[in-house]
Amino acid sequence: MSVHLHWFLPTGGDGRTLVDRHAYTDGGVKRSRIAPVSGVRAPDIDYLTQIAKAAEQLGFEAVLTPTGTWCEDAWLTTVALAQHTERLKFLVAFRPGVISPVLAAQMAATYQRITRGRLLLNVVTGGDSTEQRRFGDHLDHDRRYARTDEFLSVVRGVWSGQPFDFDGEHYQVEGGLTALPPDPLPEIFFGGSSAAAGPVAARHTDVYLTWGEPPEQVKQKIDWIRALAEKEGRTVRFGIRLHTISRDSSAEAWATANRLLDDLSPETVAAAQEALGRSESVGQQRMLALHGGSRDDLEISPNLWAGVGLVRGGAGTALVGSHSDVADRIEEYHALGVEHFVLSGYPHLEEAYWFGEGVIPDLAARGLLPRIPASPLIRSAVGGAPLLVAGGR
């Protein structure tokens, strides 16, 4: 079982600190190129193209793009980026509650034809009622997962290429059809830590995603979902969502993590923790429990740092260490059954190179990747020595 490596597209903005993501907005409402924090990068197509091209060149299989109020639309952004890349896949996050399942199935089919099969789907049920209501969704937490269950039943039904009928609580479809089904069918990624989420994952998911908890907690989740899937007669694969801070030495990596932490004022952390504490997401509450809002003891497992979660919702942990340290941790998760690693770092362009040039060759040498991505500037010379074939030093 090889490791599948994916990177992240910061469609809500990027920067050199943990609190820069949305600083390019004026209070999160008006867009402005005049950023109040230095080094903030708006998510324009030119910058996102740089990240996408870097990810493709470095050997990442796909890039995840988020969904929500504070980021660009994932479908439109990624189909534009597909025109600037050749092989890179796009893990498109979307919320089933704000789109028709038949329309989503049709969009996926069109996307596959436009990109020649480079679509992956990340189904985000949503754990924040305030955010959901912005999009006109007023269901509570558990009913949202029940609706996702029906949504994915309809999507897979209309992908059959035959008229499909469905009569559920949330959707009633008569003769639903995708005239030209997607080929191949996009893999469906899905995450959720609540009792309501587990059965949905077991019935519909190709890859179950968890946020970066310590290995023993991840193993418990894998065992839980695997047992539910077996009852459904299905097999589910597993993925994990993590940040990375990988450097040539462990000391350099931890110095970078500490710098990110030093940028956070107590007021910033307190405000973020108060907002995140209101989330209905069980996964988010598990992330918060890893650090309890404290800056002390943030290395919650070897090389697993919870500092990101002090101010960021969702994925709140990072793998921190030398390239070998980070490869060790990936190998440890892989041994538990984790196949897909969805990674990110601040800023996303630079961190892609740190990981791609440092960790990916290590993973390949361990046999966890099928090959080391070839640089366009380097070819193998006789005897295995690198040969520079492009000018410049």
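All residue numbers refer to position in the chain's written sequence, counted from 1. Residue-level local features of this predicted model are given only where pLDDT is at least 70; pairs of side-chain atoms are given and counted only at 80 or more, and the full residue set underlies all totals for whole chains, interfaces and linings. With hydrogens and water set aside, each side-chain value is computed from the structure's full complement of heavy atoms.

S.K.: In this structure, what is going on with the overall build of the protein chain? I would like to understand it.
M.R.: Strands are runs of DSSP state E lasting at least two residues, helices are runs of H or I lasting at least four, and both sets are numbered from the N terminus onward. A count of helical and extended segments in the protein chain gives 12 helices and 17 strands. Between buried and exposed lies partly exposed: a residue is buried under 20% and exposed over 50% of the maximum accessible area for its type, with that area taken using a 1.4 Å probe on protein chains only. Across the 393 residues that make up the protein chain, the buried fraction comes to 55%. Any two residues having at least one pair of non-hydrogen atoms within 4.5 Å are treated as being in contact. Across the protein chain, the fraction of contacts at a sequence separation of at least 24, relative to all contacts at a separation of at least 6, is 71%. Surface exposure here means Shrake-Rupley accessible area, sampled with a 1.4 Å probe, where a residue is shielded only by the protein chains that are shown. Summed over its atoms, the accessible surface of the protein chain is roughly 17,100 Å², and 52% of this surface lies on carbon and sulfur atoms.

S.K.: What is the right way to look at empty space enclosed by the protein in this model?
M.R.: Gaps left between atoms show up when a probe the size of a water molecule is rolled over them. Here a cavity means grid points, on a 1 Å grid over the protein atoms only, where a 1.4 Å probe fits yet cannot get out; a pocket means an open set of points with protein on both sides within 12 Å along at least five of seven lines; lining residues are those with an atom within 4 Å of a point. Grid points are joined across faces, edges and corners, and a volume is the space filled by probe spheres set on the points. Tallying each qualifying case throughout the model produces 2 cavities of 30 Å³ or more. Looking at the largest cavity, the residues that line it are Leu18, His243, Thr244, Ile245, Leu260, Val308, Ala318, Gly345 and Tyr346. In terms of residue count, strand 11 (residues 237-247) provides more of the lining of the largest cavity than any other element does, 3 residues in total. The residue classification treats Ala, Val, Leu, Ile, Met, Phe, Trp, Tyr, Cys and Pro as nonpolar and Asp, Glu, Lys and Arg as charged. All others, Gly included, are polar. When grouped by side-chain class, the residues that make up the lining of the largest cavity number 6 nonpolar, 3 polar and no charged. For the second largest cavity, the calculated volume is near 40 Å³.

S.K.: Whenever I open this one, the packing of helix 7 (residues 215-231) against helix 11 (residues 323-336) confuses me. Can you help?
M.R.: Working note: a packed helix pair is described by the angle between its axes plus the distance between those axes. Put simply, helix 7 and helix 11 touch, their axes get as near as 10 Å, and they point 25° apart. On the basis of their axis angle, the class for helix 7 and helix 11 is roughly parallel. The handedness of the crossing between helix 7 and helix 11 is right-handed. Together, Pro215, Val218, Lys219 and Ile222 of helix 7 and Glu332, Tyr333 and Leu336 of helix 11 make up the contact between the two elements. Every angle, taken between N-to-C directions, lies between 0 and 180 degrees, and every axis is a line fitted to C-alpha atoms, over only the stretch in contact when it is a helix. Should an angle fall under 35 degrees it is taken as roughly parallel, and over 145 as roughly antiparallel, whereas 65 to 115 is taken as roughly perpendicular and any remaining angle as oblique. Working rule for handedness: look at the near helix, and if it is turned counterclockwise from the far one by less than a right angle, call the crossing left-handed; if clockwise, right-handed.

S.K.: Would you mind going over the pattern of salt bridges with me for this structure?
M.R.: Working definition: two side chains of opposite charge can pair if their charged atoms are close together. Counted as salt bridges are all cases of a side-chain nitrogen of Lys or Arg within 4 Å of a carboxyl oxygen of Asp or Glu. Applying the stated rule across the entire model yields 20 salt bridges. In this structure, Arg203 engages Asp149 in a salt bridge whose closest nitrogen and oxygen atoms are separated by 2.7 Å. In this pair, Arg203 sits in helix 6 (residues 197-204) while Asp149 sits in helix 5 (residues 141-158), placing the two residues 54 residues apart along the sequence. By relative accessible area, Asp149 is classed as buried at 15%. Through salt bridges with shared partners, one network takes in Asp328, Glu331, Asp362 and Arg366.

S.K.: What is the right way to look at the environment of Ser246 in this model?
M.R.: Its place among the elements puts Ser246 in strand 11. In this structure Ser246 comes out as buried when scored by relative accessible area, which is 0%. Taking the C-alpha atoms as reference, Ser246 lies 9.4 Å from Ala327; in sequence the two are 81 residues apart. When neighbours within four sequence positions are excluded, Ser246 is seen to be in contact with Gly321, Ser322, His323, Val326, Glu351, Trp354 and Val359. Within 3.5 Å is the distance limit for a polar contact, defined as a pair of N or O atoms, with the added protein rule that one can donate a hydrogen and the other accept it, and that residues adjacent in sequence qualify only through two side-chain atoms. Side chain to side chain, Ser246 and His323 meet in a polar contact 2.4 Å long.

S.K.: Whenever I open this one, the pairing of strand 9 (residues 188-191) confuses me. Can you help?
M.R.: Along any regular strand the residues' side chains alternate between the sheet's two faces. Note: strand 6 (residues 119-123) against strand 9, 3 bridges, orientation parallel. Pairing of Val123 across the sheet is with Phe190, part of strand 9. Note on pairing: DSSP must find at least two bridges between two strands before they are called paired. In this structure, strand 9 lies alongside strand 10 (residues 207-211), joined through 3 bridges in parallel fashion. What sits directly across from Phe189, in strand 10, is Val207.

S.K.: How should I be thinking about the packing of aromatic side chains in this particular structure?
M.R.: A ring pair, where both rings are aromatic, is described by two values, the distance of the centres and the angle of the planes. In this scheme Phe, Tyr and Trp rings, the latter by its six-membered ring, pair at centre separations within 6.5 Å, and the angle between planes marks the pair as stacked below 30 degrees, edge-to-face above 60, and tilted otherwise. Scanning the entire structure with this criterion turns up 9 aromatic pairs. Geometrically, the ring pair formed by Trp75 and Tyr111 is edge-to-face, given 6.0 Å between the ring centres and 70° between the ring planes. Placement of the pair is Trp75 in helix 2 (residues 74-81) and Tyr111 in helix 3 (residues 101-115), with a sequence separation of 36 residues. On the basis of relative accessible area, Trp75 is assigned to the buried category, the value being 10%. Centroid distance Tyr145 to Phe190: 6.1 Å. Interplanar angle 80°. Geometry classified as edge-to-face.

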